[in-house]
Structures are given as structure tokens and as C-alpha cells.
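So the chains spell out like this:
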Amino acid sequence: MIEHFNPLEGKFLQVLDKGGHVYKILEPKLSTNDLKKIYETMVLTRMADDKALKLQRSGRMGTFAQVLGQEAQVAVGLAMKKEDWFFPSFRELGILLVRGSPLEKFYLTFMGCEEGNRTPKDINNFPVCVPVGSQTVHAVGAAMAAKIKRDKVVTVVAFGDGGTSEGDFHEAMNFAGVFKAPCVFFCQNNQWAISTPRSIQTAAKTIAQKAIAYGFQGIQIDGNDPLAIYVATKEAVEHARQGKGPTLIESLTYRIGPHTTADDPTLYRTEKEVKYWQERDPIKRFKIYLQKKGLWTKKYEDNLIKKCTKQIEDAVAKAEKIAAATKPEDMFRYMYEKMTPVLQEQLEYLHESLGEKEA
Amino acid sequence: MPTLNIVEAINLALHQEMARDKRVIVLGEDVGHEGGVFRVTTGLQKKFGEKRVMDTPLAESGIVGTSFGMAVYGLRPVAEIQFDGFVYPAFDQIISHVARIRNRSRGRFTCPLVIRAPFCGGIRALEHHSESMEALYAHIPGMKVVIPATPYDAKGLLISAIRDPDPVIFFEPKRLYRAIKEDVPEKEYTIPIGKAKIVQEGNDITLIAWGAMVRECQRAAEQMQNKASCEIIDLRTMSPMDTETIVTSVQKTGHCVIVHEAPRSGGLGGEIIARINEKAILNLKAPIERVTGFDTTFPYYQNENNYLPNSSRIIQAIDKVMMF
């Protein structure tokens, strides 16, 4: 399918339009469970995001990047296998959740506690990556390692349109092409890198077409359409798993909220533009799709909201408890496998200066 | 027992570690077919194949960044950067990811990666090919920085670095690559990272150096043998630094000269002096002297010998300290 969507010919994949109409010929055969999982994780992501904003505004959480408007991303996680590896940037809460990262980890990270990055052992989700674009090379390296070890594992890396301007993105794409790494590049082109519009990131018409220069396939898709994301990612992941090499997916979406809670987007973009994208909301259109299938009812929604609210409250409570238990030695103990004499000395000094005895 | 130079000793270590552990892979520019510009990786690709010994595109951040990905996935990559002056494009990967993943993921992901690079001056090389920037890396929490000065140490330290659970920068003094030969045991052995070596025992003054400067200290000590009994410490590991060996020696001698090629200001000499001050200032009989490179850009080779510390500058420093 991807080969029929050459970005240089202006092709663009959409399966579910903004009104919730599906293009039957492209519709993936997803089970009821999977369809509900997409919807439910999108809703959970939006609610968890909103809760985080309230926590941040009331001083209970630090700066963080909202997902708002980009929840269709959850379909990426659904298209991957459990043994695959995911390398996020910092706006992929939906993908992390659908792949099993516990919600309290998200809150913990932005409550200033590294425990948030301690992914459970059986989940191959990397911690969030703040230096923009630098994670792309990691995913390629892990994919090269999987290939060397003959594991049938694929890696997926997420980054934004801003990330594609970084040198590491170029090096990652180049290495991936040269070594035919089983890696999928998932670009969330949300059209703004803080205040810098997509047009200042690249003179290329699409980001997807950059793949062609590196010798592999690229596709531009509707990033507010969970079905398009699922279809494209599924094919790209299986293409990689079969040893056919990498794919670049440009997922065209829009950041409805600010860059982070420290940003004021009214300085650089119009209400009209935001409204245009709100009409293309991923949750709204997927709800209509489920409704048409008889999978969405008012009662289902009410139960879902109740369930998510409880899950979020529990996660926040758990996170706040763990964050409050942060100890001075947490800074020192993970620097090396074995603490060095100098670190030991510095930790003892810190305890003394705090008037504490070492635990 | 074979008599090997540093290039051969490192090559032997790589062969043995790759044979012992199939997770060990080698990658970098020209390391495969050609065996590297200094021929350190000669024969590896022929023996272990293109999958485990990879010629990469010319991209240092890509080399270190993909090595990081391989290491967290479970391999033990040994990445070569062709010259110390070319590590900088990879600096972000080293400081932002390699050094901190264990800490930021609370040990869930770790990065057992070795980055090898030839460093230091003295071979009349092109610009950017002669630098000694070990202090930059020793300043990064989470990194280990190792510099061997002899073939025996090069083999044992590299094997330790490859087996280390944490990331190691391994700087090879290119000036000594083929300058010294010594007996190097055929069988595998390790030298602990974080431990300095007393190259020569003495009672009057402690000389501290690493890399090619150890040999300069030995030359100076030999010329001074009738005037002062010099104890020479080869630091071997810049980070984590072996404070104990330094302090114990200075407590005995009461005099100290530190020698490094790196620029003086912000160089590791200052850090060593601080540690001596913290633990042994009352044992000092004279201020500590530093013999170092200058706070200049490393010069083109017409001025190289004026830049590099040598035995005569070390002797002058010893005289100054002993006369105090």
C-alpha cells in the first residue's frame, strides 16, 4: 500500500475523514477489542493530559508537553508487537500508555522524579527524550542490534517536525538506509516547533519525501486519523520485520495546546487556525466511526469516563507518594553500577550537611 | 610471551574479546576492510565478518548514537572515532545520553559502550589531530575515562573497558602507538579501571602523568636520579580518579609535579591539586607545580615541540619544587 502513496506525487493517506466516514477499501480489519482500545486510550490520554495541566497550574507538577489534539498516535502502539521497542520524544503519552507504560510514570517524570523513567522490565518503552531529534539514532542502533542478534524485533521512533532539522535525524535516516535497519520513523508533524512553523524547518514540500533521498520509502498520512496511522504503521513495521528496511511516516497533525506549559501560543498563531484543526479532532471522528458500528453508546462513554477518572486519580496519588519519598541518595546510586569512592564521599557530605545520618 | 606495541596489544584485546563474547562488535569509519587509519582493527572484519565489524558512514554522532542504541539493546559495541578532534559532533550523544541513561532510567537501561579514539600530539599531524581534551570527558558524570601508556596496560585496560557495565572513553596516545614494545601476555587479563599505577617508586617527589607524558616523566626521573628520588604515578583512569594512590604518595614525598599535554586552565592538574589540598595539604613541603600544554589552540607542527611538555620542562619543575 505505501508504495502507492508517493509523497513526491502529493499522495496523502486518509482512511477516516473528519466527519467519521471511512474509505472502505482502506479500512483495516480490527477486532472490537482493538477498536475500543484505540478509543479508550485516546480518551484516557486526553483526560490524563488535562489532569496534568491542572496539576501543573496548581504547582503540583512541573513543566510538561501536552498531547492535546495528537491522540490518534495511540494507533502506532497498536500496530507494534510487545517485543518491539519504542523510542519516544516527549509528546507520546498515548503511544506509551497503549504499549503498557503505567500512567503514574508519566506524572512522576514531570513531578521531577526519575522514577518516572523506570519502565517496567517487560515493556520496551524508552524514557522520554528531551534533546530534540537525538533519539532517532538510538532507535536505528537498537534496530541494527536486533538485526545482528537475528531477533524479529522492530524499533519505532517518534519525533516532531522540528526534530527533522537536527543533524541526528539525517544521520539516523542515513544509517537506517545503509544498514537496512528494521526501524520505523514516525514523525508527528504538528506544524509548530514552539513558535517556528513547519515552513521554516524545511524547504521540502513534505517531510515524507526525505525518505526517498536516503533510499527507502516514506508516506504522508492524516495524523488525526487513527486508522490511517494504524494502517501505515502496521505495514511499515511488518516491512521492517521482513528485512525490507526502514520507513518514514509523516503524520500530519496539529498541536492544539501550547508547546509546553511554559509557552503562550497566542503570540504566534491565530484562533482561526486552531479552530480549523479542532474540527479535525481525532477523538470526535473516531467516536462517530464507533457509533456507526454500534460500539459507542452514551452508557459506554459514561462508564469509560468514570473508569479513566478513577485510573487517573489512582495514578496521581501513587505518583505523589513516590515523588514525596525522594531521597538524597537517589541522585547518586544510579550513576554507575557500583558507586565510586568520590560519589560515596559526596553523598556522605550531603547527608552531613543536611544534618542526617546516612540511611 | 609476544613483544607487542600498543597498536598490536589493542588489536589482540579486540580479537580476544570478540571471540569470547559475541555481543562485542566494532564499528567506525574505515575500521573494517582497511583496519582503521592506524590499523588498530586490522584483521577483525576478516575474522568476525561485516556484521560484527562495520564500516559506517562518516558521521560521528551517528556512530556514537547508534552504538548507544546497540548497547541499550544488549550488545557491547566498541566504537572508534578516528581522531580525538573529531569526537565533538558526538559530544551531545555522549553527554546527553551515553553518560546518563543508567541514572535517568534508574538502571532499567544501561550503556556498556566503549568509545576508542587516538589522542594527544607529537606526530606532526594535521590540525584537529593532536588534541588532549580528556578533561572535557572526565567532567561528565556517568562516564569513565581511561588512558593507557604502555602496551601491557592498553590490552588489560581495554578488556576491562569492554567488560565494564558503564560507558568508557578510551583515549589511545597515538604518539606511543608504535613507539614502545614490551612483553604482553597472550592470555586475557584485566587491569582494574579506577586504579592508578606506581610506575616507579621514590621518596622525594611525586610525578603524576598519563598517556605519552608518563614516558617524559620517566626520562626526567632518570636524569634527576642523583638529585631526587622520583615516584611516578601513571593515573591510567581520569574518571573515576584514584585519589588514594595520589594522596598516599604525596603524604610520603611531600612534593608533587603534575604533567599533562592538555591546556593548563581547567585541565585535570587543577583537580588533582584540589584533591591533594583536601587530603594532604599539611604533608606538602612545597607548592605543587604543573607542567602542561598552554591555553592556546594546539599549534601546527612547526610549534609542536614548543607546546608539548618534555623532560627538560619537567626537570625545571622538579628543581623548582625541591628548592622551595
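Rules behind the numbers
- Residues numbered from 1 in each chain as written.
- Chains lettered and ligands numbered in written order.
- Predicted model: local features only at pLDDT ≥ 70, side-chain atom pairs only at ≥ 80, totals over all residues.
- Heavy atoms only, no water.
- Contact = heavy atoms within 4.5 Å.
- Buried area = accessible area lost by both parts, 1.4 Å probe.
- Salt bridge = Lys/Arg side-chain N within 4 Å of Asp/Glu carboxyl O.
- Helix = DSSP H or I, 4+ residues; strand = E, 2+ residues; numbered from the N terminus.
- Expected span 1.5 Å × (residues − 1).
- Buried < 20%, exposed > 50% of the residue type's maximum accessible area, 1.4 Å probe, protein only.
- Arc of directions from axis to C-beta.
- Domains from an automatic or database assignment.
- Polar contact = N/O pair within 3.5 Å; in protein donor to acceptor, adjacent residues only side chain to side chain.
- Nonpolar A, V, L, I, M, F, W, Y, C, P; charged D, E, K, R; others polar.
- 1 Å grid on protein atoms, 1.4 Å probe; cavity = no way out; pocket = protein on both sides within 12 Å on 5 of 7 lines; lining within 4 Å.
- Points joined across faces, edges and corners; volume = space filled by probe spheres on them.

**Q** So, the interface of chain B and chain A: which residues are in play, and what are the values?
**A** Chain B puts 45 residues into the contact, and the matching count from chain A is 46 residues. Summed over the three residues of chain B that lose the most area to chain A, namely Tyr73, Arg106 and Arg108 of chain B, the buried surface amounts to 25% of that side. Counting across the chain B and chain A interface gives 1 salt bridge. A salt bridge links glutamate 345 of chain A to lysine 279 of chain B, with the shortest nitrogen-to-oxygen separation between them at 2.7 Å.

**Q** Which residues make up helix 10 (residues 268-280) of chain B, and what are the values?
**A** Residues and elements named next belong to chain B. The terminal C-alpha atoms of helix 10, which comprises 13 residues, lie 18 Å apart, in line with the 18 Å expected from a rise of 1.5 Å per residue. Among the residues of helix 10, those classed as buried are Leu268, Gly269, Ile272, Ile273, Arg275, Ile276 and Ala280. Taken around the axis of helix 10, the buried residues stretch over an arc of 160°, which confines them to a single face.

**Q** Mind laying out the domain arrangement of chain B, listing which residues take part and the relevant values?
**A** Residue and element names in this part refer to chain B. For chain B, the assigned domains are domain 1 (3-183) and domain 2 (197-323). Here the C-alpha centroids of domain 1 and domain 2 sit 26 Å apart. Contacts between the two partners involve 27 residues from domain 1, matched on the other side by 26 residues from domain 2. Each partner contributes to the roughly 2,100 Å² buried at the junction of domain 1 and domain 2, and carbon and sulfur atoms together form 57% of this total. Run the count over domain 1 and domain 2 and you get 3 salt bridges. Linking lysine 197 and aspartate 153 is a salt bridge whose minimum nitrogen-to-oxygen distance equals 3.0 Å. Our count for the contact surface shared by domain 1 and domain 2 stands at 11 residue pairs in polar contact (both at pLDDT 80 or more). Among the secondary structure elements, those contributing two or more residues to the side of domain 1 that touches domain 2 are helix 6 (134-138), strand 6 (144-146) and helix 7 (151-163). Grouping the amino acids of the side of domain 1 that touches domain 2 by side-chain chemistry returns 16 nonpolar, 5 polar and 6 charged.

**Q** Give me the lowdown on empty space enclosed by the protein, citing residues and values where you can.
**A** Evaluation of the coordinates by the stated rule reveals 4 cavities of 30 Å³ or more. Its volume calculated, the largest cavity comes out at about 240 Å³. Forming the walls of the largest cavity are 22 residues, and the residues nearest its centre are Leu96, Lys105, Phe106, Gly116 and Val128 of chain A. Going through the elements one at a time, helix 3 (93-98) and helix 4 (103-110) of chain A are the ones with two or more residues in the lining of the largest cavity. At 4 residues, helix 4 of chain A tops the list of elements feeding residues into the lining of the largest cavity. Class assignment of the residues belonging to the lining of the largest cavity gives a composition of 13 nonpolar, 6 polar and 3 charged. What the second largest cavity holds in volume is close to 60 Å³. With 3 residues, strand 13 (residues 256-263) of chain B is the single largest residue contributor to the lining of the second largest cavity. In terms of residue class, the lining of the second largest cavity is made up of 6 nonpolar, 3 polar and 2 charged. Here the lining of the second largest cavity spans two domains, and each of domain 1 (3-183) and domain 2 (197-323) of chain B adds at least three residues to it.

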